[in-house]
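Each chain, letter by letter, is given below.
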Amino acid sequence: MLLERQAQLDQLEELLAEAARGRGRVAALLGEAGAGKTALVEAFVTRAGQHVSIFRSACEDLSIPDPLGPLYDLARDAQWALPRAIDDRQGQRLPLFSDALEVFEARSRPGLLVIEDMHWADDATLDFVRFLGRRITNTHMLVLFTARTDREGQMRARRVLGEIPAGNVQRIEVPLLSEAAVLSLAEAANRDGSAIYRATAGNAFFVTELLAAESEMIPPASVRDAVLARAERLSPGARSMLDAVSVFPRRADAWALRGLCGVASAGQLAECVSNGLLDDLGDGYAFRHEIARRAIEMALTSSRRREFNQRALSALQENAEVTTARLVHHAVEAQNLEAVRELAPLAAREASRVGAHRDAAGYYEVALRHADSLPMSDRARLYEGYAFECHLIGRIDAAIEAQSQARRLQQALGDTLREGDSLRCLSRFAYLVGDREQADLFGAQAVELLEQAPASPELAMAYSNLSQLAMLAEKLDETLLLGGKAVALAERLNKPEIICHALNNLGSAEQWLDLAKGRLHLARSLEIALVQNFQEHAARGFTNCACAEMNQLDLVRAQSFLDRGIAYCVENDLATWRDYMRGVQAQLLLRRGLWDDAAAMALDVIDDAATTALVRYPSLVALAKLRIRRGDPAGPVLEEMKRFLDRGMELQRLVPYTASMAELAWLGQGDASEALRLIELAESLSPTRAMFAELAVWRLLLSPESDPGDTTGMAEPYRLLLAGDWHGAATLWARLGAPFEQALALLRGDEPALRLALDIFEGLGARPVAQHVRAVMRQNGVNNIARGPRQSTRANQAGLTLRQMQVLQLIERGFSNKRIAEHLTISPKTVDHHVSAVLGKLDAISRGEATAAARDSGLI
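Procedures and definitions
The numbering scheme is per chain: residues are counted from 1 as the chain's sequence reads. In keeping with the predicted nature of the model, local features appear solely for residues at pLDDT of at least 70, side-chain atom pairs appear and are counted solely at 80 or more, and the whole-chain, interface and lining totals rest on all residues. No hydrogens and no water enter the side-chain calculation; it runs on all heavy atoms of the structure. The way it works is a 1 Å grid over only the protein atoms, where trapped points that fit a 1.4 Å probe form a cavity and open points with protein on both sides within 12 Å along at least five of seven lines form a pocket, and then any residue with an atom within 4 Å of a point lines it. Grid points are joined across faces, edges and corners, and a volume is the space filled by probe spheres set on the points. Here a strand is any run of E in DSSP of at least two residues, a helix any run of H or I of at least four, and the numbering for each starts at the N terminus. Gly counts as polar in this scheme, as do all residues outside two lists: the nonpolar Ala, Val, Leu, Ile, Met, Phe, Trp, Tyr, Cys and Pro, and the charged Asp, Glu, Lys and Arg. Residues enter a nonpolar core if they are buried and are Ala, Val, Leu, Ile, Met, Phe, Trp, Tyr or Cys, with the set joined through side-chain atoms within 4.5 Å. Residue exposure (1.4 Å probe, protein chains only): buried if accessible area is under 20% of the type maximum, exposed if over 50%, otherwise partly exposed. In what follows, a contact means two residues having at least one pair of non-hydrogen atoms within 4.5 Å. Here, strands pair whenever DSSP counts at least two bridges between them. A pair of aromatic rings is counted whenever rings of Phe, Tyr or Trp (Trp by its six-membered ring) have centres within 6.5 Å, and the orientation is called stacked for planes under 30 degrees apart, edge-to-face for over 60 and tilted otherwise. Lysine and arginine charges are scored as sitting over a ring when NZ or CZ, respectively, is within 6 Å of the ring centre and within 35 degrees of the ring normal. Looking down the strands as they point away from the viewer, one classifies a crossover as right-handed if the path from the first strand across the helix to the second runs clockwise. Convention adopted: a line fitted to C-alpha atoms gives each axis, helices being fitted over their contacting stretch, and angles between N-to-C directions are expressed from 0 to 180 degrees. Oblique is the label for any angle not covered by the other classes, which are roughly parallel (under 35 degrees), roughly antiparallel (over 145) and roughly perpendicular (65 to 115). The crossing is said to be left-handed when, going from far helix to near helix, the turn is anticlockwise and less than a right angle, and right-handed when the turn is clockwise. The score called pLDDT rates the predictor's confidence residue by residue, from a low of 0 to a high of 100. The charged-residue count follows a simple rule in which Lys and Arg add positive charge and Asp and Glu add negative charge, with His and chain termini not counted at all. By convention in these notes, a salt bridge is any Lys or Arg side-chain nitrogen within 4 Å of a carboxyl oxygen on Asp or Glu.

### Observations concerning empty space enclosed by the protein
Then comes step 1: All told, the structure shown has 5 cavities of 30 Å³ or more when counted by the stated rule.
Then comes step 2: Computed from the structure, the largest cavity encloses a volume of approximately 130 Å³.
Then comes step 3: Secondary structure elements with two or more residues in the lining of the largest cavity: α36 (693-702), α37 (716-722) and α39 (739-746).
Then comes step 4: For the lining of the largest cavity, the class distribution of residues is 7 nonpolar, no polar and 4 charged.

### Describing the nonpolar core
Then comes step 1: Grouped together as the largest cluster of nonpolar side chains are 254 residues, with contacts concentrated most on W80, F104, F145 and F761.
Then comes step 2: When residues in this core are grouped by element, the largest group, 10 residues, is from helix α32 (residues 613-630).
Then comes step 3: Leaving out residues up to four positions away in the same chain, F104 has contacts with F55, L71, L74, A75, A78, L113, F128 and M141.

### What to know about the pairing of strand β4 (residues 141-147)
Then comes step 1: Buried residues dominate β4, accounting for 7 of its 7 residues.
Then comes step 2: The pairing of strand β1 (residues 25-30) with β4 spans 6 bridges and is parallel. From the neighbouring strand, V26 faces β4, where its bridge partner is V143.

### Considerations on the packing of aromatic side chains
Then comes step 1: Counted according to the given criterion, the structure contains 12 aromatic pairs.
Then comes step 2: Judged by centre distance (4.8 Å) and plane angle (70°), the ring pair of Y617 and F644 falls under edge-to-face. On the criterion of sequence distance, the pair formed by Y617 in helix α32 and F644 in helix α33 (residues 635-646) is long-range, its members being 27 residues apart. Of the two residues examined, Y617 and F644, each falls in the buried class.
Then comes step 3: Three or more aromatic residues joined by ring pairs form one cluster here, namely F55, W80 and F104.
Then comes step 4: The ring of F740 carries the charged tip of R629 above its face, separated from the ring centre by 3.7 Å.
Then comes step 5: Just above the ring of Y617 sits the side chain of R653; from NZ or CZ to the centre is 4.6 Å.

### Topic: the pairing of strand β3 (residues 111-116)
Along any regular strand, the residues point their side chains to alternate faces of the sheet.
Then comes step 1: The element β3 is extensively covered by neighbouring structure, given that 6 of its 6 residues are classed as buried.
Then comes step 2: Residues G111, L113 and I115 line one face of β3 and the alternating positions L112, V114 and E116 line the opposite face, and both faces are buried.
Then comes step 3: Examined bridge by bridge, strand β2 (residues 53-58) and β3 share 6 bridges and lie parallel to one another. Paired with A58 across the strands is E116, a residue of β3.
Then comes step 4: Pairing of β3 with β4 involves 5 bridges; the strand directions are parallel. By the bridge assignment for β4, L113 is matched with V143.
Then comes step 5: The parallel pair β3 and β4, bridged by helix α6 (residues 123-135), forms a crossover whose chirality is right-handed.

### Remarks on the packing of helix α26 (residues 496-510) against helix α28 (residues 535-551)
Angle between the axes and distance between the axes: these two values describe a pair of packed helices.
Then comes step 1: Two elements in contact, α26 and α28, have axes whose closest approach is 11 Å; the angle formed by their N-to-C orientations is 10°. It follows from the interaxial angle that α26 and α28 lie roughly parallel. Between α26 and α28 the crossing geometry is left-handed. Residues E497, C500, H501, N504, N505 and S508 of α26 lie in contact with α28, whose contacting residues are H537, R540, G541 and N544.
Then comes step 2: Considering only residue class, the contact of α26 with α28 consists of 1 nonpolar, 7 polar and 2 charged.

### Thoughts on the confidence of the model for the chain
Then comes step 1: Averaged over all residues, the pLDDT of the chain is 89; the fraction at 70 or higher stands at 96%.
Then comes step 2: In the predicted structure, residues 790-795 sits below a pLDDT of 50 and forms 10 contacts with residues beyond four places in sequence or in another chain.

### Quick notes on the sheet that holds β1
Then comes step 1: Taken in spatial order, the 5 strands make up an open sheet running β2-β3-β4-β1-β5, and their pairing is parallel. Only two strands of the sheet have a single neighbouring strand rather than two, namely β2 and β5 (169-173). With strand direction ignored, the average angle separating the axes of adjacent strands in the sheet is 15°.
Then comes step 2: Sitting on the sheet, helix α1 (residues 6-20) touches β1, β4 and β5, and the angle it makes with β5 is about 165°.

### A look at the packing of helix α35 (residues 672-685) against α36
Then comes step 1: At their nearest, the axes of α35 and α36 sit 10 Å apart, and the two run at 150° to each other. When the axis of α35 is compared with that of α36, the two are roughly antiparallel. Between α35 and α36 lies a crossing whose hand is left-handed. Of the residues in α36, those in contact with A675, L676, I679, A682 and E683 of α35 are L695, W698, R699 and L702.
Then comes step 2: Residue composition of the contact of α35 with α36, by class: 7 nonpolar, no polar and 2 charged.

### Focus on the side chain of S53
Then comes step 1: By secondary structure assignment, the location of S53 is in strand β2.
Then comes step 2: Ignoring anything within four residues of it in the chain, the contact list for S53 reads R107, R109, P110, G111 and L112.

### Points about the side chain of K841
Then comes step 1: Its location among the elements puts K841 in helix α45 (residues 828-841).
Then comes step 2: As a buried residue without a salt bridge, K841 has its nearest oppositely charged side chain in D596, at a separation of 5.4 Å.

### Digging into unusual backbone geometry
Glycine aside, residues mostly have negative phi, and peptide bonds are mostly found in the trans state.
Then comes step 1: Positive phi is not limited to glycine here, since D117 has a value of about 60°.
Then comes step 2: Assignment of secondary structure puts D117 in the loop between β3 and α6.
Then comes step 3: In this structure, Q335 takes a positive phi of about 55° despite not being glycine.
Then comes step 4: Tracing the sequence through the fold places Q335 in the loop between α17 (324-334) and α18 (337-353).

### Considering the environment of N533
Then comes step 1: Secondary-structure assignment places N533 in the loop between α27 (515-532) and α28.
Then comes step 2: For the pair N533 and K642, spaced 109 residues apart in the sequence, the C-alpha separation amounts to 36 Å.

### Considering the sheet that holds strand β7 (residues 278-280)
Then comes step 1: In spatial order, the strands read β6-β8-β7; together these 3 strands make up an open sheet with antiparallel pairing. Every interior strand has two partners, whereas the edge strands, β6 (252-253) and β7, have only one.
Then comes step 2: One ladder, built from 3 bridges, connects β7 with strand β8 (residues 284-287); its direction is antiparallel. The partner of D280 across the bridge, within β8, is Y285.

### Points about the pattern of salt bridges
Then comes step 1: Enumeration according to the criterion identifies 53 salt bridges in this entry.
Then comes step 2: A salt bridge links R21 to E14, with the nearest nitrogen and oxygen atoms 3.4 Å apart.
Then comes step 3: Take R21: its relative accessible area is 60%, and that puts it in the exposed class.
Then comes step 4: Among the ionic pairs, D243 bridges to R239, the shortest N-O distance being 3.1 Å. You can see D243 and its partner R239 sitting in helix α12 (residues 236-246), 4 residues apart, about one turn around the helix. The same class applies to D243 as to R239, namely buried.
Then comes step 5: What you see here is one network of salt bridges that share partners, running through R251, D253, D283 and R326.

Printed below as a string of structure tokens:
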């Protein structure tokens with residue numbers, strides 16, 4: 001009997017009807033373990049009937065998830081040979097997922113794809129669901145998945161749903177049963193409904209188990225007790241069979257049980273089914289709920305659990321179609337170390353091939369725990385593989401430790417090529433954690449060691465790594481020399497990936513010397529990466545192409561590269577590069593005067609605790625400038641930026657930090673002499689005058705009588721302003737759509753120009769800048785100066801606009817962003833931006849802090 005689920009069934013049936021009309025959707029059934037999600041799915045599938053093509057799958061509670069495990073199930077239902085498809089696509093996920101979409105959509109009836117227990121999903125499966133969700137709108141499919149609402153389940157659900165358009169997703173909560181429902185069920189079973197409700201709080205599975213308990217009057221102390229009590233009523237053979245089934249997460253295939261327990265298994269399984277402990281799935285058996293399975297499994301002694309898992313491993317190894325991940329699970333549980341050493345590295349490589357890098361790292365960890373008896377060369381390869389996977393998922397410290405272990409083993413073996421490559425990897429990892437000195441040291445050691453051996457791809461990549469480090473330090477001649485060596489050697493050895501990497505370095509440096517040549521090399525690097533599916537290089541290509549156009553002030557082209565690059569990273573789950581580019585985009589939005597949008601994007605990156613220091617940096621640059629201009633506390637952000645300089649003086653870090661310090665000093669909030677010292681340092685490090693253009697302007701603002709120096713090669717608006725043509729500079733900035741820079745140029749002009757600059761700063765919400773301009777105007781004898789913020793912002797000291805005040809008041813009332821959007825008739829994305837602006841202006845990191853700060857200041 002299914003109680004209190006009609007509303008959810010109606011929602012699902014409406015979504016399926018919409019899919020039949022060509023409006024596909026993703027539905028997420030969310031509820032705590034035992035809430036009745038599976039029962040609801042069963043009822044919905046039954047009611048869907050014969051007019052729908054149904055494909056069913058589930059994730060398993062393996063020690064490490066099975067990469068694309070649910071897709072294998074779905075493919076089996078669709079009679080699609082997934083292993084062959086993976087081979088045909090060489091593990092490339094986008095083409096593989098496109099094939100899957102075509103397979104499931106190519107039906108005469110609407111398609112229903114069910115994936116249960118998404119809280120146990122591997123990374124590649126999450127990517128697959130995201131892929132479907134972004135393309136499902138114009139299909140005839142409904143993708144339905146279930147997930148728990150515990151912490152892990154919520155994290156998985158967010159990772160899936162967070163990057164699917166909101167209109168493509170329907171979240172459906174599966175609540176606990178009410179007391180009335182439990183009393184109704186208990187009355188039908190002649191049981192004490194009040195006692196059962198107190199014991200279960202309305203958890204549907206718990207209620208069912210206690211209702212089925214042997215005692216009619218006194219319920220068991222726990223669901224575990226109820227399950228074990230029912231298991232004790234089985235015959236010895238059936239109970240042993242139940243124990244055997246319990247070591248199989250999710251389900252036990254009938255053929256595996258026959259291999260494990262022999263021909264007598266059929267009768268024993270039938271007894272378990274008749275007693276309500278197992279479900280007969282036709283080709284296999286499963287517990288009615290994972291909670292029940294775990295209760296039986298946890299009751300096994302350690303020796304019995306090892307025995308059953310070893311027997312399961314032996315049975316499963318007879319079938320070549322069983323995934324390596326399932327074999328590893330049973331090998332680990334059986335403590336069969338020989339099997340673990342054989343299977344775990346294979347599972348890691350398979351996971352990495354389909355992009356499940358987090359799971360690949362997990363398999364390498366398992367393999368390394370039992371690798372002491374392996375030859376040094378094998379252990380070195382395991383550490384290398386583990387380091388690579390860790391670096392891909394942002395665990396850089398673990399990557400450094402693993403790569404160091406690999407290097408020590410390679411050094412002991414006298415393997416020059418592998419040791420040299422490990423040094424090159426360590427150089428890259430050190431740079432990723434902001435340690436420039438170690439990056440330079442390891443990079444130089446790699447080249448020195450590899451030059452002692454015959455020419456090799458490892459040496460070509462080591463040259464390219466040093467070229468990249470030189471490029472990042474704006475050492476242009478060194479970049480071109482080493483990059484040229486890398487390209488020449490890689491072309492001789494036919495290594496397109498190294499060519500791709502080195503061309504990116506060359507183009508990034510050449511933008512300052514020969515723009516056309518730089519753009520050509522960057523474009524060629526990006527093209528190679530896209531054609532060859534070098535995903536990391538493609539992401540880097542989009543990033544550096546965008547940054548080059550930002551440097552040239554071609555904001556339209558920069559925006560195009562960022563839009564394409566971020567979309568590419570989302571599709572390929574390259575979160576690190578995606579977030580780096582979002583920081584660059586925040587800087588672009590800031591320059592275009594879209595300050596709320598810039599703040600929202602930068603904070604979204606910075607607030608993610610998993611984001612590495614290097615990835616945070618572009619967002620820090622945008623946020624520092626924004627906070628200074630709005631009069632918000634910028635100290636912590638500037639301190640974090642300065643830490644990069646403490647570990648290595650790179651011009652690309654020094655320039656934005658110096659610009660922020662100069663702006664603070666110009667506003668009377670910082671040390672002008674220190675700012676000028678930093679500007680002089682940056683000037684001495686700049687290989688071309690073009691790189692110094694922005695700081696030359698700040699020096700002019702801080703010291704109007706200073707000599708601007710040579711302006712050759714600088715972007716035109718900077719050059720004009722430094723030459724005294726403030727009107728021409730302001731006109732160009734206006735044409736570029738950069739209002740703050742336009743207003744800065746106008747400050748060098750006459751009274752009408754000053755008044756226009758003040759209006760622009762007021763419109764942007766740059767309160768301290770506007771106050772500074774008023775002071776300058778008064779010093780110059782200008783009369784009738786506007787007194788302050790427009791009426792809509794004068795109502796509060798925080799500088800909130802009227803709309804932001806409305807949002808703040810609704811936050812105080814406990815409204816969610818969705819409810820705020822509905823109440824104010826604006827989009828949820830716009831609400832997100834307003835909320836971020838409110839938090840920034842109130843110097844709060846949460847909605848609660850913002851409300852408290854607003855009360856303290858009398859705003860609400």
